[in-house]
Amino acid sequence: MALLQEKIYTIEDIYSLPEGQRAELIDGQIYMMAPPNARHQDIIFSLSRKIADYIDENKGTCKIYLAPYAVFLNADDKNYVEPDISIICDKSKLDDKGCHGAPDWIVEVVSPSTQRMDYSVKLFKYRTAGVREYWIVNPVTKTVQTYSFDGEEDSSQLSFIDEIPVHIFNGLTIRICDLLQ
């Protein structure tokens, strides 16, 4: 008896979606995305501003992109993500379509519909693609799960009131609660 074949989608299918419909593609499977709420947007904006200020003050060359921004994680047509925040330090990965390869640092803000994706599927994909640092910000539990894949791997769960060190930038620490006042 033949097994049912699951359809494998490509980036072409993502670009064929109706205008305004957002989705991500991981290993050929499409995951539809709901619009973010106001708290989600506040966190993304505040975090990106803090990171941008640090980069500017230190005359850094890394670029920050907010969703929706295309990240083509692998050299294939079956993986396309739109992280909430992407920090890319290797400008050779950038073109008009997006980032081709792993960003240096990705931040995802969890919503109830994305928890499984952010804590498991994306964690694995980002790590294996070569992301150096990954943060999962959870506004409900007021926690940040950090992962450093650069050198000796490390992970920590911290609170919004903690000083959270950024592994890829020496001297940058972020207290989420300070950003949301």
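Residues numbered from 1 in each chain as written. Predicted model: local features only at pLDDT ≥ 70, side-chain atom pairs only at ≥ 80, totals over all residues. Heavy atoms only, no water.

S.K.: I would appreciate a short explanation of unusual backbone geometry in the present structure.
M.R.: Across residues other than glycine, the phi torsion is negative in most instances, and most of the peptide bonds are trans. Backbone torsion omega between Ala 67 and Pro 68 reads 0°, so that peptide bond is classified as cis. Within the secondary structure layout, Pro 68 lies in the loop between strand 3 (63-66) and strand 4 (71-72). If you check the backbone angles, Asp 27 has positive phi at about 50° while not being a glycine. Checked against the element boundaries, Asp 27 lands in the loop between strand 1 (22-26) and strand 2 (29-33). The class of Asp 27 is partly exposed, set by a relative accessible area of 45%. Here the phi dihedral of Lys 142 falls at roughly 55°; this positive angle occurs in a residue that is not glycine. You can see Lys 142 is positioned in the loop between strand 9 (133-138) and strand 10 (143-148). (Helix = DSSP H or I, 4+ residues; strand = E, 2+ residues; numbered from the N terminus. Buried < 20%, exposed > 50% of the residue type's maximum accessible area, 1.4 Å probe, protein only.)

S.K.: Looking at this model, I keep getting lost on helix 3 (residues 115-129). Mind explaining?
M.R.: Every α-helical turn comprises 3.6 residues, leaving residues that sit three or four positions apart pointing alike. An ideal rise of 1.5 Å per residue puts 21 Å on 15 residues; helix 3 measures up with 20 Å between its terminal C-alpha atoms. Lys 122 marks where helix 3 bends most, by close to 45°. Residues Met 117, Asp 118, Val 121, Lys 122, Leu 123, Lys 125 and Tyr 126 constitute the buried set of helix 3. The inward-facing, buried residues of helix 3 contact strand 1, strand 2, strand 8 (105-109), strand 9 and strand 10. Just beyond helix 3, the residue with positive phi is Gly 130, at close to 110°. (Expected span 1.5 Å × (residues − 1). Bend = angle between axes of the 7 residues up to and from the residue. Contact = heavy atoms within 4.5 Å.)

S.K.: Can you help me understand the packing of aromatic side chains in this one?
M.R.: In this structure the tally under the stated criterion is nine aromatic pairs. Judged by centre distance (6.1 Å) and plane angle (70°), the ring pair of Tyr 15 and Tyr 80 falls under edge-to-face. Of this pair, Tyr 15 sits in helix 1 (residues 11-15) while Tyr 80 sits in the loop between strand 4 and strand 5 (85-88), placing them 65 residues apart in sequence. For Tyr 15, a relative accessible area of 47% corresponds to the partly exposed category. Between Tyr 126 and Tyr 134, the ring centres sit 4.9 Å apart and the planes meet at 85°, which makes this aromatic pair edge-to-face. In this pair, the class of Tyr 126 matches that of Tyr 134, namely buried. It is Lys 7 that lies over the ring of Tyr 9; its NZ or CZ is 4.9 Å from the centre. (Phe/Tyr/Trp six-rings, centres within 6.5 Å; stacked < 30°, edge-to-face > 60°. Lys NZ or Arg CZ within 6 Å of the ring centre and 35° of its normal.)

S.K.: Whenever I open this one, the state of the cysteines confuses me. Can you help?
M.R.: Here is the idea: a disulfide is a covalent bond, and it sits between the sulfur atoms of two cysteines. For the structure on display, the rule yields one disulfide. Two residues, Cys 62 and Cys 89, share a disulfide whose sulfurs are 2.0 Å apart. The S-S bond linking Cys 62 to Cys 89 shows a torsion near 100°; that makes this disulfide right-handed. Taken together, the residues span a long stretch of sequence, with Cys 62 in the loop between helix 2 (38-57) and strand 3 and Cys 89 in the loop between strand 5 and strand 6 (94-95) at a distance of 27 residues. (Disulfide = S-S within 2.5 Å.)

S.K.: Before we go on, may I ask you to explain the sheet that holds strand 3 in this structure?
M.R.: Here we have six strands laid out as an open sheet, ordered 3-5-8-9-10-11, and mixed in their pairing. Both outer strands of the open sheet, strand 3 and strand 11 (154-159), are each paired with one neighbouring strand and no more. This sheet shows a mean twist of 15° between the axes of neighbouring strands, independent of strand direction. With five bridges joining them, strand 8 and strand 9 adopt parallel strand pairing. Looking across to strand 9, one finds that Glu 108 is bridged to Ile 136. Docked against the sheet, helix 2 engages strand 3, strand 5, strand 8 and strand 9, running at close to 170° with respect to strand 3. Relative to strand 9, helix 3 is tilted by about 165°, and along the sheet it contacts strand 8, strand 9 and strand 10. (Pairing = 2+ DSSP bridges. Axes fitted to C-alpha atoms, helices over the stretch in contact; angles between N-to-C directions.)

S.K.: Mind showing me how you'd approach the nonpolar core here?
M.R.: Inside soluble globular proteins, nonpolar side chains tend to come together where they are buried. The biggest cluster of nonpolar side chains holds 25 residues, and the ones touching the most others in it are Leu 47, Trp 105, Trp 135, Val 137, Val 166, Phe 169 and Ile 174. For this core, the secondary-structure elements that each account for two or more residues are helix 2, strand 5, strand 8, strand 9 and helix 4 (176-179). For this core, the element with the highest residue contribution is helix 2, accounting for six residues. When near neighbours in sequence (up to four residues on either side) are disregarded, Leu 47 contacts Ile 85, Val 107, Trp 135, Val 137, Ile 174, Ile 176 and Leu 179. Core analysis: the second largest hydrophobic core is formed by 20 residues, Leu 94, Cys 99, Ala 102 and Tyr 126 among them. (Core = buried A, V, L, I, M, F, W, Y, C linked by side-chain atoms within 4.5 Å.)

Just geometry here; none of it tells us what the structure is for.
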